[in-house]
Amino acid sequence: MSYQTPVILEPSVKHQASVIWLHGLGADGHDFEPIVPHLGVASLGIKFIFPHAKVQPVTINAGMAMRSWYDILGMELDTRADSAGIKSSVEYVNQLIENEIVSGIDSRNIVLAGFSQGGVVCLHAGLTCQHQLAGLIALSTYLPLVDELEPKLSEVNKNIHILQAHGTQDPVVHPSLGDMLVHQLKQWDYNVLPHKYPMQHAVCPEEIAVIGQWLQTMLVPV
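Just so it is clear, the structure is predicted and the values come from calculations on it, not from any experiment. Within any chain, residue numbers begin from 1 and follow the written order of that chain's sequence. In view of the model being predicted, local features appear only for residues whose pLDDT reaches at least 70, and side-chain atom pairs are presented and counted only at 80 or more, with totals across whole chains, interfaces and linings using the full set of residues. In computing side-chain properties, one takes all heavy atoms of the structure into account and sets aside hydrogens as well as water.

When you tally the buried positions in strand E8 (residues 161-167), you get six out of seven residues, the bulk of the element. Whether two strands pair comes down to DSSP finding at least two bridges between them. Segments assigned H or I by DSSP are reported as helices when at least four residues long, segments assigned E as strands when at least two residues long, and all are numbered from the N terminus. Here five bridges tie strand E7 (residues 135-139) to E8, and the two strands are oriented parallel to one another. Paired with Leu136 across the two strands is Ile162, which belongs to E8. Bridge analysis of E8 against strand E9 (residues 191-197) gives seven bridges, and the strand direction is parallel. Along E9, the bridge assignment pairs Gln164 with Pro194. Handedness of the β-α-β unit built from E8, helix H4 (residues 175-187) and E9 comes out right-handed. Under the scheme applied here, a residue whose accessible area is under 20% of the maximum for its type counts as buried, over 50% as exposed, and between as partly exposed, the area being computed with a 1.4 Å probe on protein chains only. Crossovers are described as right-handed under a simple rule: with the strands pointing away from the observer, the path leading from the first strand over the helix to the second runs clockwise.

Turning next to the pattern of salt bridges. Each salt bridge in this description consists of a side-chain nitrogen of Lys or Arg and a carboxyl oxygen of Asp or Glu lying within 4 Å of one another. In total, this model carries five salt bridges according to the counting rule given. Asp106 is the salt-bridge partner of Arg108, the closest N and O atoms lying 2.9 Å from each other. Lys158 serves as the salt-bridge partner of Glu155, at 3.0 Å between the closest nitrogen and oxygen. For Glu155, a relative accessible area of 57% translates into the label exposed. For Lys158, a relative accessible area of 43% translates into the label partly exposed.

The subject of this paragraph is the sheet that holds strand E3 (residues 46-50). The strands making up a sheet associate through backbone hydrogen bonding, with each pair oriented either parallel or antiparallel. Read from one edge to the other, the open sheet built from seven strands follows the order E1-E3-E2-E6-E7-E8-E9, with strand pairing classed as mixed. With partners counted over all chains shown, the strands left at the sheet margins are strand E1 (7-9) and E9, one partner each. Along the sheet, successive strands turn relative to each other by an average axial angle of 15 degrees, direction set aside. Here strand E2 (residues 17-22) runs beside E3; their pairing, made up of four bridges, is parallel. Counterpart to Val19 in the pairing with E3 is Phe48. Throughout, a contact is declared for two residues whenever any of their heavy atoms are within 4.5 Å. To obtain an axis, a line is fitted to C-alpha atoms, over the contacting stretch when the element is a helix, and the angle between two such axes runs from 0 to 180 degrees between their N-to-C directions. Taken strand by strand, helix H1 (residues 83-102) contacts E2, E3 and strand E6 (110-115), and its axis lies near 150 degrees from that of E6. This element, H4, spans E7, E8 and E9 of the sheet and lies at about 165 degrees to E8.

Burial analysis of E3 places five of its five residues in the buried class, the great majority of the element. The alternating pattern of E3 places Ile46, Phe48 and Phe50 and Lys47 and Ile49 on opposite faces, both of which are buried. As judged from the three bridges shared by E1 and E3, these two strands associate in the antiparallel manner. Residue Ile8 lies in a different strand from E3, and its bridge partner there is Ile49.

Our focus in this paragraph is the environment of Val102. Summarising the element assignment, Val102 is placed in helix H1. Note on Val102: relative accessible area 71%, which makes it exposed. Considered as a pair, Val102 and Asn191 are 89 residues apart in the sequence and their alpha carbons are 28 Å apart.

These figures capture arrangement, not role.
Next comes the structure, spelled out in structure tokens:
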């Protein structure tokens, strides 16, 4: 099964940067489309790309088929993501990055973003990417398969900026998993900027404002 064409929001001014934003489990590429006008970045020439995950059975949901970037076997960190599924999704994200580079966008003006399951793929793809990226946005997410990821960490992105945010009342991805993610990134000496908000498994207006400000800092002409 091939991937469905992503939702694409073209900029109203000259295209100078791209944000590839991955949705969470059971959602689709339209999920984060409505927040773009609230980011306050219309003048930056950002093309927003919202891919759709493939529809596939998810073990933890009684094998029900839904859009998923990888299978989830259980709620514990070591059973929360299947390696083959992440690898396949990372390869797809790499292709989306290549497409933007071929279209004329400098990789240093490409940001990867992801929510929950999408955040996992965002991190695995961004931290192993062989092109220097502008930054990563990891929302309400966690970092499984650390031992598999560590040997693949990209030297070219060792100084990448990572914006992380998590809800303090998240019942889906416990806040402790967000703390573990930040701790691991700091152990690897990444430049990670963590944020916590009084919310559940969601995004909030304050968080959206911070994302917009961060994009204005990261996406400058190169």
